[in-house]
Amino acid sequence: EEGRGPAKVDHKGSGSSIKYLTLHMVDSAHVEDVTWFVYDVIGAVEAERLQGGATLVHCVQGVSRSCAFAAAYLMWASDQASAASGQQKAPLLGFQGPKLGYAEALARVKARRGVASPNVGFAAGLTQWAKLRAHLCWANHTAPAQPLLPPPPPP
């Protein structure tokens, strides 16, 4: 399949517990808007985390696309931790303190994957996404309990 479309979770093989979220995107600074896919990825990763599972995020070289999505998830997770900080919940993924912007999230990804280097278009898209999320939270005077997260995919 070519082009954009809703992301799709496939169960490969009968009885397999491995799920694949396939995104048809071009790793190009001028062609693809990474934010188009961010909520599909966050929804899939978070659904798996809530079921006690783990997620491997990968792309062809493990440098641009996968690292951009890993940074986006960390940004989102820091929003969740910030929203829960006033409640009696354990911090999500060990986050404590302020929300992560793009640069901070990418630094955390680079600490685990030294070659992480999302292309300039992905970096710009995630920087704008961070500004949008910050503006929405400021306008509401608080971080929403579930900021900008679509409902989990059906089983």
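What you see is a predicted model, and the numbers here were worked out from it, not measured in a lab.

## As for the side chain of Ser64
Stage number 1. By secondary structure assignment, the location of Ser64 is in the loop between α1 (35-50) and α2 (65-84).
Stage number 2. On the basis of relative accessible area, Ser64 is assigned to the buried category, the value being 5%.
Stage number 3. Here Asn119 takes part through its backbone nitrogen, which lies 2.9 Å from a polar atom of the side chain of Ser64.
Stage number 4. Non-local contacts of Ser64, meaning those with residues more than four positions away in its chain, are made with Asp27, Cys59, Ser117, Pro118, Asn119 and Phe122.

## Some words on the packing of aromatic side chains
Stage number 1. Counted by the stated rule, this structure contains 2 aromatic pairs.
Stage number 2. Ring centres 5.9 Å apart and planes at 70° place the aromatic pair Tyr39 and Trp129 in the edge-to-face group. Residue Tyr39 is located in helix α1, and its partner Trp129 is located in helix α4 (residues 120-139); the two are separated by 90 residues in the primary sequence.
Stage number 3. On the basis of relative accessibility, which here comes to 22%, the residue Tyr39 falls in the partly exposed class.
Stage number 4. Between Tyr73 and Trp76 the ring centres are 5.6 Å apart and the planes differ by 40°, which places this aromatic pair in the tilted class. Here the residue Tyr73 and the residue Trp76 both occupy positions in helix α2, the gap between them amounting to 3 residues, near one helical turn.
Stage number 5. On the basis of relative accessible area, Tyr73 is assigned to the buried category, the value being 9%.

## Description of the nonpolar core
Stage number 1. Within the largest apolar cluster, 28 residues are counted, with the highest numbers of intra-cluster contacts made by Val34, Val38, Phe69, Tyr102, Val109, Leu126 and Trp129.
Stage number 2. Of all the elements, α2 adds the most residues to this core, at 10 residues.
Stage number 3. Leaving out residues up to four positions away in the same chain, Val38 has contacts with Phe69, Ala72, Leu126 and Trp129.

## Quick look at the environment of Ala124
Stage number 1. As for its placement among the helices and strands, Ala124 is situated in helix α4.
Stage number 2. Each C-alpha atom of the pair Ala124 and Ala29 lies 9.0 Å from the other, and the pair is 95 residues apart in sequence.

## Looking at α1
Stage number 1. Here α1 spans 23 Å end to end across 16 residues, near enough to the 22 Å set by a 1.5 Å rise per residue.
Stage number 2. Those residues of α1 that fall on the buried side of the exposure criterion are Phe37, Val38, Val41, Ile42, Gly43, Val45, Glu46 and Glu48.
Stage number 3. One or two steps after α1, the chain reaches Gly52, where phi turns positive at roughly 85°.

## Remarks on the layout of surface pockets
Stage number 1. If you add up the space inside the second largest pocket, you get close to 550 Å³.
Stage number 2. Lining the second largest pocket we find 19 residues, and of these Thr55, Val57, Ala70, Tyr73 and Leu74 sit closest to its centre.
Stage number 3. At the level of elements, α1, α2 and α3 (102-112) are the ones that each hand at least two residues to the lining of the second largest pocket.
Stage number 4. Top element by residues in the lining of the second largest pocket is α2. It accounts for 6 residues.
Stage number 5. Looking at the lining of the second largest pocket, its residues break down into 11 nonpolar, 4 polar and 4 charged.

## Things to note about the side chain of Glu48
Stage number 1. Within the element layout of this structure, Glu48 appears in helix α1.
Stage number 2. Of the polar contacts made by the side chain of Glu48, one reaches the side chain of Lys19; its length is 3.1 Å.
Stage number 3. Once you skip the residues sitting within four places of it in the chain, Glu48 turns out to touch Lys19, Gly53, Ala54 and Thr55.

Parameters and conventions
- Residues numbered from 1 in each chain as written.
- Predicted model: local features only at pLDDT ≥ 70, side-chain atom pairs only at ≥ 80, totals over all residues.
- Heavy atoms only, no water.
- Helix = DSSP H or I, 4+ residues; strand = E, 2+ residues; numbered from the N terminus.
- Buried < 20%, exposed > 50% of the residue type's maximum accessible area, 1.4 Å probe, protein only.
- Polar contact = N/O pair within 3.5 Å; in protein donor to acceptor, adjacent residues only side chain to side chain.
- Contact = heavy atoms within 4.5 Å.
- Phe/Tyr/Trp six-rings, centres within 6.5 Å; stacked < 30°, edge-to-face > 60°.
- Core = buried A, V, L, I, M, F, W, Y, C linked by side-chain atoms within 4.5 Å.
- Expected span 1.5 Å × (residues − 1).
- 1 Å grid on protein atoms, 1.4 Å probe; cavity = no way out; pocket = protein on both sides within 12 Å on 5 of 7 lines; lining within 4 Å.
- Points joined across faces, edges and corners; volume = space filled by probe spheres on them.
- Nonpolar A, V, L, I, M, F, W, Y, C, P; charged D, E, K, R; others polar.

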